[in-house]
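What follows is each chain in one-letter form.
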Amino acid sequence: MYKFILILLIGYSAFNWYQQRENVHNGYRYGETHNQLIMYSQTTCGYCKLKVKQLNKENIAFIEYFIDEDSHRRDELFMKLEKSGYPSRSIGTPSFDVHGIMLPNNPDMGVIKSVLLSSQTE
C-alpha cells in the first residue's frame, strides 16, 4: 500500500513539474513588461547562491532581492506570482521575474536563457 501511495505522489509531482515547465512559455505574465531580470532569493538559500554563480558565469545581468530581509520585496514576489497564476505561498527560491514572466522554483538556466531570448524578440 505504501509503495502505491509513493508511486502516486511521485507521479503527481512529476506531472505538476512537467506542466509548470511546459507553461512557462505560454504567458505566465503578471501584467507588467520591463527590461530586467529579477531574482528573488533568501540569504540562507544554497540554490540561490549557485544560481548567482551560474548567472555571473553566463554574463547575464540581474538584480537580486532577498525576500527574507525585505518584506516589501517578498510581498511583491507573492503578488506577481498570484497575478501570473502560481500559488504564491508555496513557491521555492530562487524565483525569477524575466521581463515580466515569472519563473518560480529554481528554474534551469536553459529555461531562463530561453525566456530572456524570446522576450527580447517580442
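Quick note: structure is the one above.
These numbers come from a predicted model, not from an experiment.

(A) Inspection of the overall build of the protein at higher detail. Tallying secondary structure elements over the protein gives four helices and four strands in all. Reading the secondary structure of the protein in the N-to-C direction produces α-β-α-β-α-β-β-α. Contacts in the protein between residues far apart in sequence, at least 24 positions, make up 65% of those at least 6 positions apart. When the accessible surface of the protein is totalled, it reaches about 7700 Å², and 54% of it is carbon and sulfur.

(B) Spatial organisation of unusual backbone geometry. Following Thr93, the chain continues into Pro94 via a peptide bond in cis, with omega recorded as 0 degrees. Turning to its location among the elements, Pro94 is positioned in the loop between α3 (71–83) and β3 (95–98). At Asn59, a residue that is not glycine, the phi angle is positive and equals roughly 55 degrees. You can see Asn59 is positioned in the loop between α2 (46–57) and β2 (63–66). The backbone of His99 shows a phi angle near 55 degrees, a positive value even though the residue is not glycine. Along the chain, His99 falls in the loop between β3 and β4 (101–103).

(C) The environment of Ser41, seen in detail. With respect to the helices and strands, the residue Ser41 is situated in strand β1 (residues 37–41). According to the relative accessible area criterion, Ser41 is buried, its value standing at 0%. For the pair Ser41 and Asn106, spaced 65 residues apart in sequence, the C-alpha separation works out to 9.7 Å.

(D) Structural detail: α2. An ideal rise of 1.5 Å per residue puts 16 Å on twelve residues; α2 measures up with 17 Å between its terminal C-alpha atoms. Taken together, the buried positions of α2 are Cys48, Lys51, Val52 and Leu55. The buried residues of α2 occupy an angular sector of 105 degrees when the element is viewed end-on, so they sit on one face. Set apart from the buried face of α2 by more than 90 degrees, the exposed residues are Lys53 and Lys57. Residues of α2 that are buried in the fold lie against β1, β2, β3 and α4 (109–120). Of the residues one or two after α2, Asn59 is the one with positive phi, at around 55 degrees.

The rules we used
Position labels on residues start from 1 in each chain and follow its written sequence. Totals for whole chains, interfaces and linings use all residues, but because this is a predicted model, local features are given only for residues with pLDDT of at least 70 and pairs of side-chain atoms are given and counted only at 80 or more. Think of the side-chain values as coming from all heavy atoms in the structure, minus any hydrogens and water. Secondary structure is summarised from DSSP: a helix means a run of H or I of at least four residues, a strand means a run of E of at least two, and numbering begins at the N terminus for each. Pairs of residues are marked as contacts when any of their non-hydrogen atoms sit within 4.5 Å. For the accessible areas, the method is Shrake-Rupley and the probe is 1.4 Å, while residue cover comes only from the protein chains on display. Categorising residues by exposure relies on relative accessible area from a 1.4 Å probe, with only protein chains included: less than 20% of the type maximum marks a residue as buried, more than 50% marks it as exposed, and the intermediate range marks it as partly exposed. The span expected for a helix works out to 1.5 Å for each residue beyond the first. What the arc covers is the set of directions going from the helix axis to the C-beta atoms.

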